[in-house]
Amino acid sequence: MKKIITYGTFDILHNGHIALLKRAKKLGDHLIVGVTGEEYDKNRGKLNVSQSLHERIKNVEKTGLADQIIIEEYDGQKVVDIQKYGVETFAIGSDWEGKFDYLQEYCKVKYLPRTKGISSTHLRNNLSFVKLGMIGYGKIAKRFLIESKFVSNTEIIAVYGKNYKSSKKFIDKNEIKYAEKNFNKFLENVDAVYIATPHDSHYEYAKLCLIAGKHVLCEKPMTLSLNETKDLIRLAKKNNVVLMEAVKTAYIDGFSKMVSLSKSGIIGDIVHLDASFTKFISNKNSREYDIQMSGGSHNELMTYPLIAACKILGHDVINYKNLRYYLKSDVDIFSKLELEYKKSTANLYVGIGAKKEGDLVITGTKGYIYCHAPWWKTSQFEIKFEDSKKNIKHKHNFLGDGLRYELAEFISCINAKSSFSFRLNDLDMLFLTKFINSDYKSIKLG
Ligand code: CTP
């Protein structure tokens, strides 16, 4: 029997895919189709796939052309598959011409004509294009803009800021279409908004956007009061729009994998979590040291350790203690938050004027998970045991500075018409706000 193998994502199956499968099938008697796995696609930077692996497999199945369907999960798998299944010919579209010549060592390689004028990318763009507006033009906004270029189906088309001259300068420098003076006009032209202004302005902006029926991705901390977060959640539900807090860690696959492994029983019962994030900010004139702008290490950074506690230990905190350390300034330079759950505890640390190792440790009754800095951009972690021969290392591809993952999730929630992401849902957002807004005891250092 002559076996043929071909691979693809097969997102929104189209005539080009079907023609390719027909051509491949003609080359032999048994066609194996490799459909790319979700994690594999993300790892190779394909963040825009709109259908689940299950849906894509079902669609390939429905063509009746595949005799066998397999999942492609890692780079280098093709060499293994060809030998494992005794493949005679590897076939792929001509857009890949030359790229798979290295497989000639194992089988024949055929580049088949690609159907002109159609692609999944094209279909996805026609599906729904999200016109994004950005409120604010500071440091994080610049990084977000760079990262947004890696997410398809969306483009930042407008910027609004209090100072029109500065927003105009920002759009000219970054080739964005409009800077708007009038907030309502700005809203009229966009489908969704990214809020990247100082913390205490988030609520008012988010509220106005949600009322206007716009989807909102809001920088962390989303608000500084539980009632405000509750109100935003209510408005998102009422207006059927997406509300997402931009905590990049929550949307990174490596982090989700670490969370699910920690709960799988592999390290036994979880008894404790340590998570730290310190970022030394030397410019004492910056927003982070300004009490009027709700600065301080706790407001600035505690969301990151909190997302780890929230996802790994849950929401049911029975007791907590928050210590915030002050030098001469009005803002805390270091903050320690101790959480007590029924069967576990957490120690969370952040600092802008004091430094500490920024790692994360999940302690279990059989072993522990160790993730070194920057664990909030999770690209690797290790499951460790008393017997080090049993240790397991995990690696995940992490691209750019992580903001592309939160934007990709935001766009996919908009397309799926769900108000919240399962990666950071409404209850998680309430948890984060509650402990950002916690009662605390001050420790005077100077
Ligand atoms: N293909 C084709 N003709 C097209 C589109 C795709 O022959 N018009 C082939 C590709 O060359 C590949 C297979 O179909 O061999 C699966 O490709 P895939 O990447 O899933 O499809 P695209 O439409 O190219 O997807 P994207 O736009 O996401 O890159």
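Cut-offs applied
As a convention, each chain's residues are numbered from 1 in the sequence order in which they are written. With pLDDT at 70 or above as the cut-off, local features in this predicted model cover only qualifying residues; side-chain atom pairs require 80 or more to be listed or tallied, and sums for whole chains, interfaces and linings still use all residues. Side-chain numbers here rest on the full set of heavy atoms in the structure, without hydrogens or water. Any residue with at least one heavy atom within 4 Å of a molecule or strand is counted as near it. Polar contact is defined as a pair of N or O atoms within 3.5 Å, subject to the rule that within protein one atom must be able to donate a hydrogen and the other to accept it, and that residues adjacent in sequence are counted only when both atoms are side-chain atoms. To be clear on the numbers: accessible area is Shrake-Rupley with a 1.4 Å probe, and residue cover counts the displayed protein chains and nothing else. Strands are runs of DSSP state E lasting at least two residues, helices are runs of H or I lasting at least four, and both sets are numbered from the N terminus onward. It only takes one pair of heavy atoms within 4.5 Å for two residues to be counted as in contact. In this analysis, rings of Phe, Tyr and Trp, with Trp reduced to its six-membered ring, are considered paired at centre separations within 6.5 Å, and the interplanar angle assigns stacked below 30 degrees, edge-to-face beyond 60, and tilted for intermediate values. When a residue's accessible area, from a 1.4 Å probe over protein chains only, is under 20% of the maximum for its type it is buried; when over 50% it is exposed; and in between it is partly exposed. A fitted line through C-alpha atoms represents every axis, and for helices the fit uses only the stretch in contact; the resulting angles, taken between N-to-C directions, go from 0 to 180 degrees. Any angle from 65 to 115 degrees is called roughly perpendicular, while one under 35 is roughly parallel, one over 145 is roughly antiparallel, and all others are oblique. In a left-handed crossing the near helix is turned counterclockwise from the far helix by less than a right angle, and in a right-handed crossing that turn is clockwise. Residues were grouped as follows: Ala, Val, Leu, Ile, Met, Phe, Trp, Tyr, Cys and Pro as nonpolar; Asp, Glu, Lys and Arg as charged; and all remaining residues, including Gly, as polar. Multiplying 1.5 Å by the helix residue count minus one yields the expected span of that helix. As defined here, a cavity is a set of points on a 1 Å grid over the protein atoms alone where a 1.4 Å probe fits but cannot get out. A pocket is an open set with protein on both sides within 12 Å along at least five of seven lines, and residues line them when an atom is within 4 Å of a point. Grid points are joined across faces, edges and corners, and a volume is the space filled by probe spheres set on the points. Only strands joined by at least two bridges in the DSSP assignment are considered to pair.

**What to know about the site of the ligand**
Here's step 1: Residues in close proximity to the ligand total 18 residues, the closest being Asp95, Thr115, Ile118, Ser120 and Thr121.
Here's step 2: Asp95 places a polar side-chain atom, nitrogen or oxygen, 2.6 Å from an oxygen atom of the ligand.
Here's step 3: Measuring from a nitrogen atom of the ligand, one finds a backbone N or O atom of Thr115 at 2.8 Å.
Here's step 4: Out of a free accessible area of 570 Å², the ligand has 92% covered by protein chains.
Here's step 5: Listing elements by their share of the shell around the ligand, those giving two or more residues are helix H1 (15–26), strand E4 (89–93) and helix H5 (120–127).

**With respect to the environment of Lys3**
Here's step 1: Along the chain, the position of Lys3 falls in strand E1 (residues 3–8).
Here's step 2: Lys3 sits 96 residues away from Lys99 along the chain, and the two C-alpha atoms are 21 Å apart.
Here's step 3: Filtering out sequence-adjacent residues up to four positions away, Lys3 remains in contact with His30, Ile32, Tyr85, Gly86, Val87, Glu88 and Thr89.
Here's step 4: Among the polar contacts made by the side chain of Lys3, one reaches the main-chain carbonyl oxygen of Tyr85 at a distance of 3.1 Å.

**A closer look at the packing of aromatic side chains**
Here's step 1: Applying the stated criterion across every chain, the model contains 18 aromatic pairs.
Here's step 2: Ring geometry for Tyr7 against Phe90: centres 6.0 Å apart, planes inclined by 35°, an arrangement best described as tilted. Remark: Phe90 occurs in strand E4 and Tyr7 occurs in strand E1; sequence separation between them is 83 residues. An identical accessibility class is assigned to Tyr7 and Phe90; each is buried.
Here's step 3: Ring geometry for Phe398 against Tyr405: centres 5.9 Å apart, planes inclined by 40°, an arrangement best described as tilted.
Here's step 4: Residue class for Phe398 comes out buried when judged on its relative accessible area of 18%.
Here's step 5: Taking relative accessible area as the criterion, Tyr405 reaches 7% and is therefore assigned buried.

**Concerning the packing of helix H6 (residues 139–148) against helix H14 (residues 403–416)**
Here's step 1: Axis separation between H6 and H14 bottoms out at 9 Å; the angle between their running directions is 70°. Taken together, the axes of H6 and H14 lie roughly perpendicular to each other. Handedness of the crossing formed by H6 with H14: right-handed. The segment H6 lies against H14, with Ile140, Arg143, Phe144, Glu147 and Ser148 engaging Leu403, Arg404, Glu406 and Leu407.
Here's step 2: Looking at side-chain class alone, the contact of H6 with H14 contains 4 nonpolar, 1 polar and 4 charged residues.

**Overview of the packing of helix H11 (residues 253–262) against helix H13 (residues 303–313)**
Here's step 1: Contact geometry for H11 and H13: axes closest at 9 Å, N-to-C directions at 40°. Overall, the two elements H11 and H13 adopt an arrangement that is oblique. By crossing handedness, the relation of H11 to H13 is classed as right-handed. Counted together, Phe255, Val259 and Ser262 of H11 and Ile307, Ala308, Lys311 and Ile312 of H13 form the full contact between these two elements.
Here's step 2: When the residues that make up the contact of H11 with H13 are grouped by side-chain class, the tally is 5 nonpolar, 1 polar and 1 charged.

**Observations regarding the environment of Thr433**
Here's step 1: By secondary structure assignment, the location of Thr433 is in helix H15 (residues 426–436).
Here's step 2: Along the primary structure Thr433 and Asn227 are separated by 206 residues, whereas in three dimensions their C-alpha atoms are 9.3 Å apart.
Here's step 3: Among residues more than four places away in sequence, those in contact with Thr433 are Thr223, Leu224, Ser225, Leu226 and Thr229.
Here's step 4: In this structure the side chain of Thr433 is engaged in a polar contact, spanning 2.9 Å, whose partner is the backbone oxygen of Met429.

**Notes on helix H10 (residues 226–238)**
Here's step 1: With 13 residues, H10 should cover 18 Å at 1.5 Å per step; its first-to-last C-alpha distance of 18 Å lies within 8% of that length.
Here's step 2: For H10, the secondary structure elements touched by its buried residues are helix H9 (202–211), strand E11 (243–246) and H15.

**Here's the deal with the layout of surface pockets**
Here's step 1: There is about 890 Å³ of room inside the largest pocket.
Here's step 2: Lining the largest pocket are 35 residues, with Lys139, Ile140, Ala196, Arg287 and Glu300 sitting closest to its centre.
Here's step 3: The element contributing the most residues to the lining of the largest pocket is H6, with 3 residues.
Here's step 4: Among the residues making up the lining of the largest pocket, the classes are represented as 13 nonpolar, 9 polar and 13 charged.
Here's step 5: Taken as a whole, the second largest pocket spans an internal volume of roughly 740 Å³.
Here's step 6: Lining the second largest pocket are 29 residues, and of these Lys42, Leu47, Val49, Glu409 and Ser412 sit closest to its centre.
Here's step 7: Among the elements of the structure, helix H2 (38–43), helix H3 (53–62) and H14 are those that each provide at least two residues to the lining of the second largest pocket.
Here's step 8: Among the elements that take part in the lining of the second largest pocket, H14 stands out by supplying 8 residues, more than any other.

**Observations concerning the sheet that holds strand E5 (residues 108–112)**
The strands that make up a sheet pair up through hydrogen bonds in the backbone, lying either parallel or antiparallel.
Here's step 1: An order of E3-E2-E1-E4-E5 is seen for the 5 strands of this open sheet, with the pairing classed as parallel. Edge positions in the open sheet fall to strand E3 (68–72) and E5, since each of these has one partner strand only. Neighbour-to-neighbour, the strand axes of the sheet open up by a mean angle of 25°, direction not taken into account.
Here's step 2: Those strands touched by H1 are E1, strand E2 (30–36), E4 and E5, and its axis lies near 140° from that of E2.
Here's step 3: Contacts from H3 reach E2 and E3 within the one sheet, and its direction differs from that of E2 by about 160°.

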